[in-house]
Amino acid sequence: TRSLSITSLDQSTFEKAQGEKVTLPCTFVLSEEDEGPLDIEWVLIPADNQKKEQIIIMYAVDRIYNHYYAAMTERMQFTNPDPRSGDGSLDILNLKSADTGTYQCKVKKAPGVQSQKIQLTVLVRPARTKCSIEGSQEIGKDVTLKCASQEGSPLLSYDWRRVSGTQELPATSMLNKNTGELLLKNASQDYSGTYSCIASNRVGTDECSVELNVTPPINTAAIIAGAVIGTLLGLSVLAFLVFCYCKKQREKKYEKEVHHDIREDVPPPKSRSSTARSYMGSNRSSLGSMSPSNMEGYTKTPYSQVPSEDFERAPGQNPTFAPSKVAAPNLSRMGAVPVMIPAQSKDGSIV
């Protein structure tokens, strides 16, 4: 007896890029003996054998059921809206890397039952590829050009090419296609130019570029000497500024102490009245110690020459001291010093 058979057996593996669309084929032919209701199921077989198969979409009793697998609810559909025509193929839109797996199509129409497995691999294109230079870009040094993609499904392959100049890689270059490293040994100025790296896998490519500039060696000794001299000069200037600042602060402090410092061992200046009294006291002491015969020389001394605030003289008068012998009491027992006190007569003379 004959029964239904699946005719799409030519391709069982698919490789697609992330974001693309894939159509998993499942066409079949019914037999006259198949009289039962048509039933079509698509299931996802997990890589882990411990997990159960997951129904993702189904056609049964003339209806489509696509709510079994939430991860693909909005991204899958039957290719033919009416699978009864013999086409139960499945479309998956906007593919993701998580969609990678084994899919199985089951067609049932009693008494016939057939199934087909398809392997789907969703690859990620290389993206965000970055180029860099490692090593000193000096003549005679070894320089390494590096290339790496931040995204992309393995296996990634890298290839370098020279964009400017001869557009050929230097003869001393060594390329590692798996790591993306291009080693340029014993670099010369002829190696300078723009280099481009192309990262690729089975579903796409991505590219980046870098500029190489090979220069003569730098005179490091001169740079170090210049840096040392500059540092010493800077320290000298700084030390000079600090010295000037400290000196200025000391001068200000000294001036402030000179203007405001009060010496306690120096007596205050005497007033005019104190000076006059002191002068008269000394004269009186001198008069008291002299005899009447010696007093004649002092009778002609102008009184105006003695500074005093205790006496007043009339205008036009020129008082003179007149010797006068005044008996002084004996004050030695009292601890006092005898003092001669002058007296003024009616004619203005001092007695």
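Residues numbered from 1 in each chain as written. Predicted model: local features only at pLDDT ≥ 70, side-chain atom pairs only at ≥ 80, totals over all residues. Heavy atoms only, no water.

As annotated in an unreviewed UniProt entry, the chain carries the name Coxsackievirus and adenovirus receptor and comes from Balearica regulorum gibbericeps.

K.L.:
For this particular structure, what's the right way to read the pattern of salt bridges?
P.N.:
Should their charged atoms come close, side chains of opposite charge can pair. Within this structure, the stated rule accounts for 12 salt bridges. Its salt-bridge partner being E53, residue K106 comes within 3.8 Å of it at the nearest N-O pair. Here K106 is found in strand β10 (residues 101-109), whereas its partner E53 is found in the loop between β5 (38-45) and β6 (54-60), with 53 residues between them in sequence. Looking at E53, the relative accessible area reads 42%, which means it is partly exposed. As a salt-bridge pair, E181 and K146 come within 4.0 Å of each other at their nearest N and O atoms. (Salt bridge = Lys/Arg side-chain N within 4 Å of Asp/Glu carboxyl O. Helix = DSSP H or I, 4+ residues; strand = E, 2+ residues; numbered from the N terminus. Buried < 20%, exposed > 50% of the residue type's maximum accessible area, 1.4 Å probe, protein only.)

K.L.:
How should I be thinking about the nonpolar core in this particular structure?
P.N.:
A general tendency of soluble globular proteins is for nonpolar side chains to be buried together. Residues L24, W42, I56, I92, Y103, V107 and L120 are the most contacted members of the largest nonpolar core, which totals 26 residues. Where this core is concerned, the elements lending two or more residues are β3 (22-24), β5, β6, β8 (76-78), β9 (90-92), β10 and β11 (112-123). If we skip the residues at most four places from it in the chain, I56 touches W42, V43, L44, N66, Y69, M76, L90 and Y103. Judged by nonpolar contacts, the second largest core, of 18 residues, contains C147, L156, A199 and L212. (Core = buried A, V, L, I, M, F, W, Y, C linked by side-chain atoms within 4.5 Å. Contact = heavy atoms within 4.5 Å.)

K.L.:
Would you take a moment to explain unusual backbone geometry for this structure?
P.N.:
Where the residue is not glycine, phi is negative for most of them; where a peptide bond is considered, it is trans in most cases. Cis geometry is adopted by the peptide bond preceding P111, which originates at A110 and carries an omega value of 5°. Take P111: it is sitting in the loop between β10 and β11. At the junction of P154 and L155, the peptide bond is cis and its omega measures out at 5° in the coordinates. A positive phi angle is found at V61, which is not glycine, with a value near 50°. In this structure, N186 is a non-glycine residue whose phi angle is positive, near 50°. You can call N186 exposed: its relative accessible area is 52%.

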